[in-house]
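Chain residues, written in single-letter form:
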Amino acid sequence: AQKITQTQPGMFVQEKEAVTLDCTYDTSDPSYGLFWYKQPSSGEMIFLIYQGSYDQQNATEGRYSLNFQKARKSANLVISASQLGDSAMYFCAMREGSGGSNYKLTFGKGTLLTVNP
Amino acid sequence: EPEVTQTPSHQVTQMGQEVILRCVPISNHLYFYWYRQILGQKVEFLVSFYNNEISEKSEIFDDQFSVERPDGSNFTLKIRSTKLEDSAMYFCASSAGKIGNEQFFGPGTRLTVL
């Protein structure tokens, strides 16, 4: 079974509008972390936002917020006031466990966001 | 702002040749990773490294792959005998290891095997 599922291969949004990118996850570990990364066409991976499984509040970072619904195992990324520069591939990722010697990330397949002027 | 660096940015090699991909993680980070992204696909975990040894490796990371931290700053990935299917973007990442600390990714090395 997929640990991270991103069901939207592509999304379109008008500039200045908000957009939600979906992510569902599967884990039996009570301690985990969820991350969103942006990959522009240049290829680098840019960290956007993090949500811990025990965090009481949804994470926010500027125009990015994470809609965390633990019971539904979803961690959707909301981008407000979209800009042309937001056009990129967006990956949801999960880190399972609370410590030890490994914090590896498992990634979803990504969603390609296109912002239209 | 500190960043992860990788060299070279692009490597072209012949099938069967050995390649070494180099990374300089952020200096106070303790955990190091290599990931791979075949063109158009998701990012896949290869190996994690902590305290001078491999802490976990994926099934992709077979005997053809090895990692090394030869000095206090570099972290290398060696592919002993490259195959066509090794063509991909290889990302190095590092983290401080605390819960919630994000992994900082390098810009990647695009490996093309001919």
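Anyway, here's the lowdown on the structure attached to this text. Please read these numbers as outputs of a predicted model, since none were measured by experiment.

### Re the pairing of strand β9 (residues 88–95) of chain B
Residue and element names in this part refer to chain B.
Next up, step 1: The buried fraction of β9 is high, at eight of eight residues.
Next up, step 2: Of the two faces of β9, both are covered, the one formed by Ala-88, Tyr-90, Cys-92 and Ser-94 as well as the one formed by Met-89, Phe-91, Ala-93 and Ser-95.
Next up, step 3: Here strand β4 (residues 31–37) runs beside β9; their pairing, made up of seven bridges, is antiparallel. Bridge pairing in β9 links Trp-34 to Cys-92.
Next up, step 4: Sheet topology places β9 next to strand β11 (residues 109–113); three bridges connect them, and they run antiparallel. Pairing of Met-89 across the sheet is with Arg-110, part of β11.
Next up, step 5: Where β9 lies against strand β10 (residues 104–105), two bridges are found, and the strand directions are antiparallel. Within the sheet, the bridge partner assigned to Ala-93 lies in β10 and is Phe-105.

### Section: the sheet that holds strand β8 (residues 75–79) of chain B
Residues and elements named next belong to chain B.
Next up, step 1: Strand order in the open sheet formed by four strands is β1-β3-β8-β7, and the pairing between neighbours is antiparallel. Unpaired on one side and paired on the other, β1 (5–7) and β7 (65–68) mark the two borders of the sheet. On average, adjacent strands in this sheet sit at an angle of 20 degrees to one another, irrespective of strand direction.
Next up, step 2: Of the pairings in the sheet, the one linking strand β3 (residues 19–24) to β8 comprises five bridges and is antiparallel in character. In the sheet register, Arg-22 faces β8, and the bridge partner there is Thr-76.

### Here we look at the pattern of salt bridges
Residue and element names in this part refer to chain A.
Next up, step 1: Evaluated as defined, the whole model comprises five salt bridges over all chains.
Next up, step 2: Between Asp-26 and Lys-73 there is a salt bridge; the shortest N-O distance is 4.0 Å. Remark: Lys-73 occurs in the loop between β8 (64–69) and β9 (74–79) and Asp-26 occurs in the loop between β4 (24–25) and β5 (32–39); sequence separation between them is 47 residues.
Next up, step 3: With relative accessibility at 37%, the residue Asp-26 sits in the partly exposed group.
Next up, step 4: Residues Asp-86 and Arg-63 are paired through a salt bridge, measuring 2.8 Å at the closest nitrogen-oxygen approach. Of this pair, Asp-86 sits in the loop between β9 and β10 (88–96) while Arg-63 sits in the loop between β7 (60–61) and β8; the two residues are 23 residues apart in sequence, bridging distant segments of the chain.

### Digging into the packing of aromatic side chains
To describe a pair of aromatic rings, you give the distance between the ring centres and the angle between the ring planes.
Next up, step 1: As enumerated under the stated definition, the model contains 20 aromatic pairs over all chains in all.
Next up, step 2: Taking the centre distance of 4.4 Å and the plane angle of 10 degrees together, the rings of B:Tyr31 and B:Tyr50 count as stacked. In this pair, B:Tyr31 is assigned in strand β4 and B:Tyr50 in strand β5 (residues 44–50), connecting sequence segments 19 residues apart.
Next up, step 3: Given a relative accessible area of 7%, B:Tyr31 falls into the buried group.
Next up, step 4: Since its relative accessible area comes to 28%, B:Tyr50 is described here as partly exposed.
Next up, step 5: With a centroid separation of 6.1 Å and 75 degrees between ring planes, the pair formed by B:Phe91 and B:Phe105 is classed as edge-to-face. With B:Phe91 in strand β9 and B:Phe105 in strand β10, the pair connects residues that are 14 residues apart, well separated along the chain. Accessibility classification places B:Phe91 together with B:Phe105 in one group, the buried group.
Next up, step 6: Three or more aromatic residues joined by ring pairs form one cluster here, namely A:Phe35, A:Tyr37, A:Phe47, A:Tyr50, A:Phe91, A:Phe107, B:Tyr33, B:Tyr35, B:Phe45, B:Phe91 and B:Phe105.
Next up, step 7: Here the guanidinium or amino end of A:Arg63 rests over the ring plane of A:Tyr64, the centre of that ring lying 5.7 Å away.

The rules we used
- Residues numbered from 1 in each chain as written.
- Chains lettered and ligands numbered in written order.
- Predicted model: local features only at pLDDT ≥ 70, side-chain atom pairs only at ≥ 80, totals over all residues.
- Heavy atoms only, no water.
- Buried < 20%, exposed > 50% of the residue type's maximum accessible area, 1.4 Å probe, protein only.
- Helix = DSSP H or I, 4+ residues; strand = E, 2+ residues; numbered from the N terminus.
- Pairing = 2+ DSSP bridges.
- Axes fitted to C-alpha atoms, helices over the stretch in contact; angles between N-to-C directions.
- Salt bridge = Lys/Arg side-chain N within 4 Å of Asp/Glu carboxyl O.
- Phe/Tyr/Trp six-rings, centres within 6.5 Å; stacked < 30°, edge-to-face > 60°.
- Lys NZ or Arg CZ within 6 Å of the ring centre and 35° of its normal.

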